[in-house]
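Overview (structure and organization)
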Amino acid sequence: MLDDAFTRENVIAVSFSEDANAYEALSRLKELDANSEVGVRGAAVVARDDDGKTVTKDQFGEDSVEGTATGGLVGLLIGVLGGPLGVIVGGATGVLVGSLFDEDDADQTESALADISKSIRVGQTGLLAELSEESPVAIDAVMANLGGTRLRRSAADVQAEVAAAEEAQREAKQKAREELRDARLKTHKEEIDAKMADLKAKLHRNKTPATS
C-alpha cells in the first residue's frame, strides 16, 4: 500500500535518531488513544540487536505484543521480523524465503514486511503500532514533531504477509527436520552396508580352501 492510498486500519513503523523520542512517541500515542483521536490496538518501542533480533523495550495497547502465539498483530510482526529466517517476500505468490533485507538487494519486490524491516535498522530504536485512524494528520504531526521517519502500511497487507511468513517458517522447519532424518538414515544405511560387505568378505575367506 502506498502512503497516498490511505486506509483506516494501519500499521506504522517509525524510526528515530534519538532513543528517547521513541518512548515519547509511545506516550503521545497513549494520549491520542485516550482522546479518541486514534484507536491503538497495540504499540511497542523496539530495538534491533547486532544479530538482527528485534527486542521489545516498552509496549501499550489493547492487545499484548508479547510473543507470537497469543499476542496481537504487533507481537506477531515482532516475532516474524526477529525470527530465525528473517523474511523477504518474493513475487506475487507471496512465497517467503530466508534472507535479510539488504538495501542494495536487487530484488525490489513490493512488500509491507520488507518495508517495515528496513525502517527498523540494526542499532536503532523505533516504534511499531497497529491503529485505527480517520486520517493520517494526527499521527504524522506527532511523529514529525519528534523527528521520526514514519512508514504507514495497511494492516490487512501486514496481516496477510505475517500469516504467510509464519507458514513459511513452519514449512522450513519441517523441511529441515526431514533433511536431517534422511541424512541420518543414509548414514545408518551406509554403515550397515559397510558391515555387511565386511561380513561377506570374512565368510568368503573362511570358505576358501587352504592350499597345501
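Below: a short report on this structure. This structure is a prediction, so every number in the text was calculated from the model and none was measured.

Parameters and conventions
Residues numbered from 1 in each chain as written. Predicted model: local features only at pLDDT ≥ 70, side-chain atom pairs only at ≥ 80, totals over all residues. Heavy atoms only, no water. Pairing = 2+ DSSP bridges. Helix = DSSP H or I, 4+ residues; strand = E, 2+ residues; numbered from the N terminus. Axes fitted to C-alpha atoms, helices over the stretch in contact; angles between N-to-C directions. Contact = heavy atoms within 4.5 Å. Buried < 20%, exposed > 50% of the residue type's maximum accessible area, 1.4 Å probe, protein only. Arc of directions from axis to C-beta.

Focus: the sheet that holds strand S3 (residues 54-60)
Pairing within the open sheet is antiparallel, and its five strands lie in the order S3-S2-S6-S1-S7. Across the chains shown, the open sheet's two edge strands, defined by having one partner strand only, are S3 and strand S7 (149-154). Shown here is a sheet whose adjacent strand axes are inclined to one another by a mean of 20°, direction ignored. Sheet topology places strand S2 (residues 38-48) next to strand S6 (residues 125-133); nine bridges connect them, and they run antiparallel. What sits directly across from valine 46, in S6, is glycine 126. Each of strand S1 (9-16), S2, S3 and S6 is contacted by helix H1 (residues 19-34), which is oriented at about 170° to S2, the strand it contacts most. Relative to S6, helix H2 (residues 73-81) is tilted by about 145°, and along the sheet it contacts S1, S2, S3 and S6.

A few points about helix H4 (residues 137-145)
Listed in full, the buried residues belonging to H4 are Ile139, Val142 and Met143. Projection of H4 onto a plane perpendicular to its axis shows the buried side chains occupying an angular sector of 95°, all on one side. Facing away from the buried side of H4 by more than 90 degrees, the exposed set consists of Val137, Ala144 and Asn145. Close packing links the buried residues of H4 with S1, H1, S2, S6 and S7. Glycine 147 sits one or two residues past H4 and shows a positive phi near 75°.

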